[in-house]
Each structure stands twice: as C-alpha cells, then as structure tokens.
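# Structural characterization, general
Single-letter residue listing:
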Amino acid sequence: MIHLLRLREAQARWAAVPLARRLRMVRTLRGMIGTEAESLAKSSADARGRPMAESLTAEVLPLAGACRFLERNAAGILAKRSFGRRGRPLWLGGVRSEIHREAQGVILIIGPGNYPLFLPGVQLIQALVAGNAVILKPGAGGGAAAASLLDLILRAGFDTDLIELLPESVEAANAAIDAGPDKVVFTGSAEVARKVLARLAPGMIPAVIEASGCDAVIVRRDADPELLEKAITFALALNGGATCMVPQRLYAHRDIADDIQRRLDDRISLQRYASDEEAVALANDCEFGLGVSVFSRDETAARDMAKRLSAGLVTINDIIVSSADPRLPFGGRRQSGFGNTRGAEGLLEMTATKAVTVSRNRFRPAYDPITPRALSWILAYSRLAHAAGFRRFRTLKSS
C-alpha cells in the first residue's frame, strides 16, 4: 500500500525547510557515506555477485561526490531568477518578473538493477534537496542497497515520512504509478520504459526516462591503439558488462581496422569506414542515442565530430568517464529516453517552474480599446523596434 497522503503531508513540511538546512543534512549524509563506505559497497555488490572494490569505486565514491556537488551548487541552481529592465518590452514598464523553482511534490523513482546504489541514490538525494518526498522502487536485487542508503539518510536527520521504500517487484511499481505521483524518474530498458510511459499517459504524469543504450566507438585513423584497447577492455569488464554505456558498436578507419581487430579479438563486431562523415553517419544511424566515444590524437577533429553526433553523451579518448563527474547531466535521445539526471540539469528536473510578475505601474494601455491614434503608435513602434531597415539605420547611427 502506498501512503501517498502521508508523503504529501511530509513533503509540505519539508518544502518549508530552508535549503541551507537541507544541505546541512546532505553534508551529514556524505560524512556517513564516507565512514560506512565498505558496508554500503557490500550491500550493492553482494546482491549482484560483484567485487566490493568495484562497487566502492563505481557507486559509493560517485554518490559521495554527487552529495558534495549539491552542497556547493544547489543554492545557486535553485535560486530565484529576477529580470530587470534589459530586454523587457517597452509597454511593460513597471513590471517586475521572476522565475521560481519549486518542488514537484512526490516523486516516484524506479531504479535499475545494475547500479542499485549510485543511480537511484543520486536521484533520491537530488529529489530531497529540491524539497520533494520520494517513493523508491529498487530494481531487481537492489533492495539491500536501497535499504542501506535509506538507513543513512534517516540517521542524517531526514524525516522518516519523506521516503517510502517499496519491494523490488513490478507489481509494486505499477501500484505506485497508479497511486498518482507528481513525477516519475525511471532507469531501465527501453522496452520497460515504454510500458511505464503507457501507464503514466492517462494521468499525464511527467517523467524522466533513462533507457537503454547501444553505444558506438569511433576510431579515427590517428587514434592511439593501445589506449583504445585498454578503454574497451575496461568498459566490457566493468560491472560484468552490465552498464548502459558499454560499447556495442565499433567503427574503425579502414587504414587501422586490421590492427584494431587483432587487438580486440572479436570482442566487438567491427565495421570499417573511410571518412569522418561516414563514421558520423554510421554512429547516428541507430534508434538509440545515449553515448558515443571518439578516439583520436587530433582533439580539434574529434571535437568537430562530437558536434555532429546525435547522442546525449560524447566522450573523447575515454569511455564511460562522464558518469563519474557529478557536474555533468546524464541523458539520452530517441529510444534512449529523455530528460536528465545528475548535475544541475538533474536537480532542475526535480522542480517545477513558476513565473511571477508584479505590476507597479498604473499605466495599463492594454486595458483600453485600440484607437486609430494608438494603432499608429503601435505600427511606428513595430517598425522602429523590429524592421530590418530601421535596425540597420540605428546601427549605422550609433557607429
């Protein structure tokens, strides 16, 4: 049973807590993560049969880094934005405008099984910092990691009624969706994502979808073969290959393709290309658009290629490294999903925007009927402010 009313009541209280106090709790939480890093890592690793050291470096340390990012940057990211006179339409004299970021309410996080601590953990902490309550549905095998993290969160001072931890089952996720959360953050396969979206559609519940990838690696003719070999070996071994950014397609320039093929020993099926344009076209010709890696000694050429790649994440001379930087958003395109988690963009996904305007001028010409004289003034303003000829005249005059 989902205790939605209790969550909403707790969220209303929590949203009134000053952000500085919320962030002090995050600082306390980060200290606990550091102190109990080994037990946290084991809670994730043991359930999946993975080495504890791997979970420590791939989950616990990035989670602590995400907390520190929020401590340092959340206040600025969530701050009210005020607009002055610059850029304000002439007829809005006396109007002051602001944009506020407010909590969404109750956010349902549907976590994955491959990184059960780090991925939903960052989303959970960002949701709390933004003033939300959270329903957390762990992925398969992720219940122990979620419970361990929740224990630390509550010990750090967060209200026990702010978070509801569900079983790992599909039925639990469906019941949580049917309860009517204010937003859903889903991480998993594209196939399951489509089912989640179909269930959300009748209630028009917004969502962030982090779905599957089919990541490509482009190897330019001037790439460092040894670096490429090490990177591919690392990526295929990380988390037993259960990483959404694991490379699945490799495009090598035809002049070095034989050497690359020998080094990788058929661990990825390899396709040859003749030009950068062909490589970009091959990488973009996919229903998924999560990440692409480009290997080249020519950084300028690699950056130019990155501009033309249709993916949420482009990495030059490395693989998967962007997931370790708490400043960077994580999100894909097309069948890989939409929206972002992590970084400033991920924090903003946990909020709703509200535009507030205050009119202080008693002069309200819009309220009056448009007279012929007023019409002539409107037309004159239109020509003066927007007509190309008048803009050129003003530019020449000012110079």
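Report on the accompanying structure. (Residues numbered from 1 in each chain as written. Predicted model: local features only at pLDDT ≥ 70, side-chain atom pairs only at ≥ 80, totals over all residues. Heavy atoms only, no water.)

## Focus: the sheet that holds strand E2 (residues 95–103)
Heads up, the condition is: Each pair of strands is called paired provided DSSP finds at least two bridges between the two strands. Counting from the N terminus, the helices are DSSP H or I runs at least four residues long and the strands are E runs at least two residues long. Between the N-to-C directions of two axes lies an angle of 0 to 180 degrees, each axis being a line fitted to C-alpha atoms and, for a helix, fitted only over the stretch in contact.
With antiparallel pairing, 3 strands are arranged side by side in an open sheet as E1-E2-E16. Bordering the open sheet on either side are strand E1 (81–83) and strand E16 (351–359), each of which pairs with just one other strand. Taking the axes of each pair of neighbouring strands and ignoring which way they run, one obtains an average angle of 20 degrees across the sheet. By the bridge criterion, 3 bridges tie E1 to E2 in an arrangement that is antiparallel. By the bridge assignment for E2, Ser82 is matched with Glu98.

## Considering unusual backbone geometry
Backbone phi values are negative for most residues with the exception of glycine, while trans is the configuration of most peptide bonds. Selection rule: Exposed residues in this analysis have more than 50% of their type's maximum accessible area, buried residues have under 20%, and partly exposed residues fall in between, with area computed by a 1.4 Å probe over protein chains only.
The residue Asn239 is not glycine, and still its phi comes out positive at about 55 degrees. Locating Asn239 in the fold gives a position in the loop between helix H9 (225–237) and strand E9 (247–253). In this structure Asn239 comes out as buried when scored by relative accessible area, which is 5%.

## Focus on the packing of aromatic side chains
Selection rule: Note on ring pairs: Phe, Tyr and Trp rings are taken, using the six-membered ring of Trp, and paired if centres are within 6.5 Å. Classes follow the plane angle, with under 30 degrees stacked, over 60 edge-to-face and the rest tilted. The rule is short: NZ of Lys or CZ of Arg within 6 Å of the ring centre and within 35 degrees of the ring normal puts a charge over the ring.
A complete count under the given rule lists 1 aromatic pair for this structure. Seen from their ring centres, Trp14 and Phe158 are 5.5 Å apart, and the 55 degrees between their planes marks the pair as tilted. Here the residue Trp14 occupies a position in helix H1 (residues 4–15), and Phe158 occupies one in the loop between helix H6 (143–155) and strand E5 (163–165), the gap between them amounting to 144 residues. Each member of the pair, Trp14 together with Phe158, is buried. Lying over the aromatic face of Trp14, Arg22 brings its terminal NZ or CZ to 5.8 Å of the ring centre. Its guanidinium or amino end placed over the ring of Phe330, Arg342 lies 4.3 Å from that ring's centre, counting from NZ or CZ.

## Topic: a nonpolar patch on the surface
Convention followed: Only residues whose relative accessible area exceeds 30% and that form no salt bridge enter a patch; like-charged residues are grouped when within 9 Å of one another, and nonpolar side chains (Val, Leu, Ile, Met, Phe, Trp, Tyr) when within 5 Å. The protein chains shown are the only cover counted for residues, whose accessible areas, like all others here, come from Shrake-Rupley with a 1.4 Å probe. Each salt bridge in this description consists of a side-chain nitrogen of Lys or Arg and a carboxyl oxygen of Asp or Glu lying within 4 Å of one another.
On the surface, a cluster of nonpolar side chains totalling about 380 Å² of accessible area is made up of Ile370, Leu375, Ile378 and Leu379. For Ile378, the location among the structural elements is in helix H14 (residues 372–386).

## Some remarks on H9
Just so we agree on the cut-off: To estimate the expected span of a helix, subtract one from its residue number and multiply by 1.5 Å. To obtain the arc, one takes the directions from the helix axis to the C-beta atoms. We call two residues contacting when some pair of their heavy atoms lies within 4.5 Å. Two N or O atoms count as a polar contact when they lie within 3.5 Å, although within protein this holds only if one can serve as hydrogen donor and the other as acceptor, and sequence-adjacent residues are included solely when both atoms are side-chain atoms.
The terminal C-alpha atoms of H9, which comprises 13 residues, lie 18 Å apart, in line with the 18 Å expected from a rise of 1.5 Å per residue. Within the span of H9, buried status applies to Pro225, Leu228, Ala231, Ile232 and Ala235. Take H9 and look down its axis: the buried residues cluster within an arc of 125 degrees, on one side only. Against the buried residues of H9 lie strand E8 (215–219), E9, helix H10 (257–264) and strand E12 (291–295). Between a side-chain oxygen at the N-terminus of H9 and the backbone nitrogen of Glu226 the separation is 3.0 Å; the capping residue is Asp224. Backbone geometry just after H9 places Asn239 at a positive phi near 55 degrees.

## So, the state of the cysteines
Operational definition: Two cysteine sulfur atoms make up a disulfide if the distance between them is within 2.5 Å.
On inspection of all chains with the given rule, the structure shows 0 disulfides. Here Cys286 is not disulfide-linked; the sulfur of Cys214 is the nearest cysteine sulfur, at 4.4 Å.

## What about the pairing of strand E13 (residues 313–316)?
Every regular strand shows the same layout, with side chains that alternate between the two sheet faces. Just so we agree on the cut-off: Look down the strands so they point away from you; if the path from the first strand over the helix to the second goes clockwise, the crossover is right-handed.
Residues Leu313 and Thr315 line the buried face of E13, whereas the alternating positions Val314 and Ile316 sit on a face that is not buried. With respect to chirality, the unit in which E12 leads through helix H12 (residues 299–308) into the neighbouring parallel E13 is right-handed.

## So, H12
All of the buried residues along H12 are Ala301, Ala302, Met305 and Ala306. Seen end-on, H12 carries its buried residues on one side only, within an arc spanning 145 degrees. Looking at H12, the residues exposed on the side facing more than 90 degrees away from the buried face are Thr300, Arg303 and Lys307. Residues of H12 that are buried make contact with E8, helix H11 (276–284), E12 and E13. Measuring from the backbone nitrogen of Thr300 back to the side-chain oxygen at the start of H12 gives 3.2 Å, which picks out Asp298 as the cap.

## What to know about the packing of helix H3 (residues 37–48) against H6
Inclusion rule: An angle counts as roughly parallel when it lies under 35 degrees, as roughly antiparallel when it exceeds 145, as roughly perpendicular when it falls between 65 and 115, and as oblique in every other case. Asp, Glu, Lys and Arg are counted as charged, while Ala, Val, Leu, Ile, Met, Phe, Trp, Tyr, Cys and Pro are counted as nonpolar; the rest, among them Gly, fall into the polar class.
For the pair H3 and H6, the least separation of the axes is 7 Å and the interaxial angle reads 155 degrees. If you check the angle between H3 and H6, you find them roughly antiparallel. On H6, the residues that touch Leu40, Ser43 and Ser44 of H3 are Ala144, Ala145, Ser148, Leu149 and Leu152. Across the contact of H3 with H6, the residue classes break down as 5 nonpolar, 3 polar and no charged.

## As for the environment of Phe288
By the secondary structure assignment, Phe288 is in strand E11 (residues 288–289). The class for Phe288 is buried, based on a relative accessible area of 16%. Residues Phe288 and Leu90 lie 198 residues apart in sequence; the distance between their C-alpha atoms is 46 Å.

## Examining the side chain of Ser43
Structurally, Ser43 can be placed in helix H3. By relative accessible area, which is 11% here, Ser43 ends up buried. Separated by 2.6 Å, the side chain of Ser43 and the backbone oxygen of Leu40 make a polar contact. Sequence-distant contacts of Ser43, defined by excluding residues within four places in its chain, comprise Ala144, Ala145 and Ser148.

## Notes on the sheet that holds strand E10 (residues 270–273)
Ordered by their spatial adjacency, 5 strands build an open sheet running E10-E9-E8-E12-E13, and the pairing between neighbours is parallel. In this open sheet, the two edge strands, each paired with only one partner strand, are E10 and E13. Averaged over all adjacent pairs, the angle separating strand axes in this sheet is 20 degrees, with direction ignored. Bridge analysis of E8 against E12 gives 4 bridges, and the strand direction is parallel. Residue Ile218 lies in a different strand from E12, and its bridge partner there is Val294. Each of E8, E12 and E13 is contacted by H12, which is oriented at about 170 degrees to E13, the strand it contacts most.

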